[in-house]
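A look at the structure
Spelled out, the chains give:
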Amino acid sequence: MNIEDMLAADAILPRFEAEDKKQALHILAQKAEALTGASAADIYAALLQRERLSSTSLGRGIAIPHVKMPNVKKITCLFARLERPIAFDSHDGEPVDLLFFLLAPEHAGADHLKALARISRLVRDPATLEGLRSAKDVEGLRTVLTKPLTSHAA
């Protein structure tokens, strides 16, 4: 599964501003509503419920909030780079500055897991993380997000 297949048009937010985790999830839910037609309120409620189970932070400043929704037609990914890192209940205690939000159809089981795995492989590469944190604009971020993975990052 390729990021470019999941990354919605207008889904890269290079200067994302949020005061805290809840506000970030709320803004992402609103953006996802505009991209998918699913209700922002339903998306937000599902995100909060998912985060109550355990934080979707991977550590090292990265989080992948993800939910499955009944009225979503295809897997949709949004990427946000925060202006100021926010607390995200990370296991390493580090604040998050890179958010990948994954919204999937309710019955997307294996594809949902493949999408999460693809993002996880992407952020394992230190050069990719550096590129995501230093890219100047949407096009620079898109280039980093969609570059082929090298074998050591897989």
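This text gives an overview of the structure that appears in the document. Keep in mind the model is a prediction, meaning the values are calculated, not measured. Each chain carries its own residue numbering, running from 1 in the direction its sequence is written. Under the rules for a predicted model, residues below a pLDDT of 70 receive no local features and side-chain atom pairs below 80 are neither given nor counted, while totals for whole chains, interfaces and linings still include all residues. Remark: hydrogens and water are excluded; side-chain values derive from all non-hydrogen atoms of the structure.

**Quick word on the packing of aromatic side chains**
Planes of paired rings set the category: under 30 degrees apart is stacked, over 60 is edge-to-face and the rest tilted, where pairs are Phe, Tyr or Trp rings (Trp by its six-membered ring) whose centres lie within 6.5 Å. Applying the stated rule across the entire model yields one aromatic pair. Pairing Phe 79 with Phe 100 gives two aromatic rings, centres 4.9 Å apart and planes at 55°, and the pair type is tilted. Residue Phe 79 is found in strand β5 (residues 76–86), and its partner Phe 100 is found in strand β6 (residues 96–105); the two are separated by 21 residues along the sequence. To sort residues, take the accessible area from a 1.4 Å probe on protein chains only and compare it with the maximum for the residue type: under 20% means buried, over 50% means exposed, and anything in between is partly exposed. On the basis of relative accessibility, which here comes to 1%, the residue Phe 100 falls in the buried class. A cation sits over an aromatic face here: Lys 21 above Phe 88, 4.8 Å from the ring centre. Secondary structure elements are taken from DSSP: a helix is a run of H or I of four residues or more, a strand is a run of E of two residues or more, and numbering for both begins at the N terminus. Lysine and arginine charges are scored as sitting over a ring when NZ or CZ, respectively, is within 6 Å of the ring centre and within 35 degrees of the ring normal.

**As for unusual backbone geometry**
Not every positive phi belongs to a glycine, and Arg 60 is a case in point at roughly 55°. Following the sequence through the fold, Arg 60 ends up in the loop between β2 (57–59) and β3 (62–63). Even without glycine at this site, Asp 89 takes up a positive phi of about 55°. Positionally, Asp 89 belongs in the loop between β5 and β6. Overall, Asp 89 belongs to the exposed group, its relative accessible area being 59%.

**A few points about the pattern of salt bridges**
Between Lys or Arg on one side and Asp or Glu on the other, a salt bridge is scored when a side-chain nitrogen of the former is within 4 Å of a carboxyl oxygen of the latter. In this structure the tally under the stated criterion is five salt bridges. In this structure, Lys 21 engages Glu 51 in a salt bridge whose closest nitrogen and oxygen atoms are separated by 2.8 Å. With Lys 21 in helix α2 (residues 21–36) and Glu 51 in helix α3 (residues 40–53), this pair connects stretches of sequence that are 30 residues apart. For the pair shown, Lys 21 and Glu 51 are each scored as buried.

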